[in-house]
Amino acid sequence: MAALGRCPGCGSGPLVQDAHYAQQQLVCAACGCVLAEGLLTSTYSEEQHQREVAYSQSTGQKEQLSRCLKRGIRRVQDLCKVLQLPALFEETAVSYVQRALQHPSFHLLSLEKKELLGGCCVFVTCRQHNWPLTMGTICSLLYAKQELFASVFLSLQKELELSVPALSLADLVKSHLNSFQLFQPTANIPAQFGEDKEKVVARTLQIVELASETWLVTGRHPVPIITAAAFLAWQSLHPPARLSCTLSRFCKLAGVDLPPPAHLRLKELLEILLRMASQLVWLRMFNLDKKTVVKHIGDLLQHRLVLLKKAFCLHDGEEQQPMATGEGSPLAAQDGDCPLEGQQQREDSPRPLLPPCLLNPRKRLQTAAPSASDSAITGDEPISDSEIEQYLRGPEEVRAFRKAKLWM
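Predicted model only: the values in this text are computed from it and were never measured. (Residues numbered from 1 in each chain as written. Predicted model: local features only at pLDDT ≥ 70, side-chain atom pairs only at ≥ 80, totals over all residues. Heavy atoms only, no water.)

1. Some points on the overall build of the protein
For clarity, the threshold we go by: A run of H or I in DSSP becomes a helix once it reaches four residues, and a run of E becomes a strand once it reaches two; helices and strands are each numbered from the N terminus. Think of it in three bands: residues with accessible area under 20% of the maximum for their type are buried, residues over 50% are exposed, and the middle band is partly exposed, with areas taken using a 1.4 Å probe on protein chains only. The contact criterion used throughout is that any non-hydrogen atoms of two residues lie within 4.5 Å. Accessible surface is estimated by sampling points in the Shrake-Rupley manner with a 1.4 Å probe; for residues, cover comes only from the protein chains shown.
For the protein, the helix and strand inventory stands at 22 helices and 6 strands. Looking at the protein residue by residue over its 408 residues, the buried ones come to 32%. Within the protein, contacts between residues separated by at least 24 positions form 59% of all contacts whose residues are at least 6 apart in sequence. Surface accessibility of the protein: about 26900 Å² in total, with carbon and sulfur atoms responsible for 54%.

2. Some points on the packing of aromatic side chains
Definition in use: Between rings of Phe, Tyr and Trp, where Trp is taken as its six-membered ring, a pair exists when centres lie within 6.5 Å; planes separated by under 30 degrees are stacked, by over 60 edge-to-face, and by other angles tilted.
This model, assessed by the stated rule, comprises 9 aromatic pairs. Between Phe 180 and Phe 250 the ring centres are 5.9 Å apart and the planes differ by 45 degrees, which places this aromatic pair in the tilted class. One end of the pair, Phe 180, is in the loop between α8 (169-177) and α9 (197-213); the other, Phe 250, is in helix α12 (residues 247-254), and 70 residues separate them in sequence. Note on Phe 250: relative accessible area 0%, which makes it buried. Centroid distance Trp 234 to Phe 250: 5.0 Å. Interplanar angle 40 degrees. Geometry classified as tilted. Here the residue Trp 234 occupies a position in helix α10 (residues 222-237), and Phe 250 occupies one in helix α12, the gap between them amounting to 16 residues. The two residues Trp 234 and Phe 250 agree in class, both being buried. Through a chain of ring-to-ring contacts, three or more aromatic side chains come together here, namely Phe 180, Phe 183, Phe 193, Phe 231, Trp 234 and Phe 250.

3. Notes on the side chain of Thr 125
Here Thr 125 shows up in helix α5 (residues 111-128). With residues near it in sequence (within four places) discarded, Thr 125 still touches Phe 89, Thr 92, Ala 93 and Tyr 96.

4. Describing α9
Definition in use: Working rule for helices: expected span equals 1.5 Å times residues minus one.
Here α9 is 17 residues long and its end C-alpha atoms lie 24 Å apart, about the 24 Å a rise of 1.5 Å per residue gives. The set of residues buried in α9 consists of Val 200, Val 201, Arg 203, Thr 204, Leu 205, Ile 207, Val 208, Leu 210 and Ala 211. On its buried side, α9 packs onto α8, α10, α13 (262-277), α14 (297-302) and α15 (304-311). One or two steps after α9, the chain reaches Trp 215, where phi turns positive at roughly 70 degrees.

5. What to know about the nonpolar core
Using the following cut-off: For the purposes of this section, nonpolar cores are sets of buried Ala, Val, Leu, Ile, Met, Phe, Trp, Tyr and Cys residues that join through side-chain atoms within 4.5 Å.
If you look at the biggest cluster of nonpolar residues, it comprises 54 residues, and the most contacted ones within it are Leu 232, Phe 250 and Leu 300. Broken down by secondary-structure element, the contributors of at least two residues to this core are α8, α9, α10, α12, α13, α14 and α15. Once residues lying within four places of it in the same chain are set aside, the contact partners of Phe 250 are Phe 180, Leu 182, Phe 183, Thr 227, Ala 230, Phe 231, Trp 234 and Cys 245. Counting residues in each nonpolar core, the second largest holds 33 residues, with Ile 73, Cys 80, Leu 116 and Leu 162 among its members.

6. Section: a nonpolar patch on the surface
Selection rule: Think of a patch as exposed residues, more than 30% relative accessible area, with no salt bridge, where like charges cluster within 9 Å and nonpolar side chains (Val, Leu, Ile, Met, Phe, Trp, Tyr) cluster within 5 Å. Salt-bridge detection follows one rule: a side-chain nitrogen of Lys or Arg within 4 Å of a carboxyl oxygen of Asp or Glu.
Together, Leu 354, Leu 358 and Leu 359 make up a nonpolar patch on the protein surface, roughly 240 Å² of accessible area in all. Along the chain, Leu 358 turns up in helix α19 (residues 356-359). Taking the relative accessible area as the measure of exposure, Leu 358 reaches 53% and is therefore exposed.

7. Let's talk about the confidence of the model for the protein
Basically, it comes down to this: The predictor reports its confidence for every residue as pLDDT, a score running from 0 up to 100.
Put simply, the protein has an average pLDDT of 77, and 77% of its residues get 70 or more. In this model, residues 53-62 is a region of pLDDT below 50 whose contacts with residues beyond four sequence positions or in other chains number 11 contacts. For the stretch residues 315-342, pLDDT sits under 50, and the model shows 13 contacts to residues farther than four places along the chain or on other chains.

8. Focus on the state of the cysteines
Applicable threshold: When the sulfur atoms of two cysteines come within 2.5 Å, that pair is taken as a disulfide.
One pass over the full model with this rule turns up 0 disulfides. Note on Cys 121: no disulfide assigned, nearest cysteine sulfur contributed by Cys 120 at a separation of 6.9 Å. Residue classification places Cys 121 among the buried positions, given a relative accessible area of 0%.

In structure tokens:
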């Protein structure tokens, strides 16, 4: 095929494109001079000006994906299929993992962290689209440690400058309760244990809001609190048949795992409910405990704002009232005459509304006092610097020693 232009060697006009061993060459038909080879373009302007296009500048190199990038994209696609995410989420997560693997900061990552990079991209995508997904769910699918996953997630957020909004607790409650089999019509669950999902979700949200107002959510994993709140909501909707059911049996019937701290969160929620129940007039005649208070959760949640103010000290002035009962106060004198009545009065008095870590601080290990045998002198004690200086001779002592040495 003839091409435009002239040969710079002989000046003749006809130039021919010849494929020599499947390689394009531009050859002069008169003298056989090879003017160009390896042309990857066939545009009219570039053939006219005799320009070569290098392979690195062409689209051929960009079309090839590395094995690491293909593996990361495939892992992201598999996670999206397992989580049943929309196609838009999958496209966004794939674009994030491509940006991350091409970023210089992630080139020297270990293989374990590169495996977690795809999960971090899916987690970021779900957070940006307000899709309720926890870090624990991704870690369970990837069989990864949460500490390692969190470090990769923070580095991804920093290097790519991604904005990740905080997850709404209400959306997380709805998403977590969707996996409970008790709230779905199935034949394997007894009739007295089945419950409408919408009713349980609405009451669980109220209990979680109560836990948030009483410092039970701050700095803690949300899943154990949601599990305990769902258990109380489920019991309160039909108490006669469900009060005998335990938390572990409830999770077994629901088909979900029981988080280890859920028992502690349940105990803290019941203590809050008992304090609130002591302020309701029509409940003071009953001897309520942690089981019977579940029957009145509906009334307690309906008036929770007023009951919280009465059951706890919410102001600085009210916090100082229990501390004012000193030795000379009349309350202290009454406590001395009737210790049981004074103790009951202190239990019924409102206490400050503080986080559990301040009300029940962890006990610190105290070092044992040294015994007489340990304090005895054995001769193996280290010598201090001041004692060593006492054995060193000063300038005057050196001169006196030299004079005495002359007479010896």
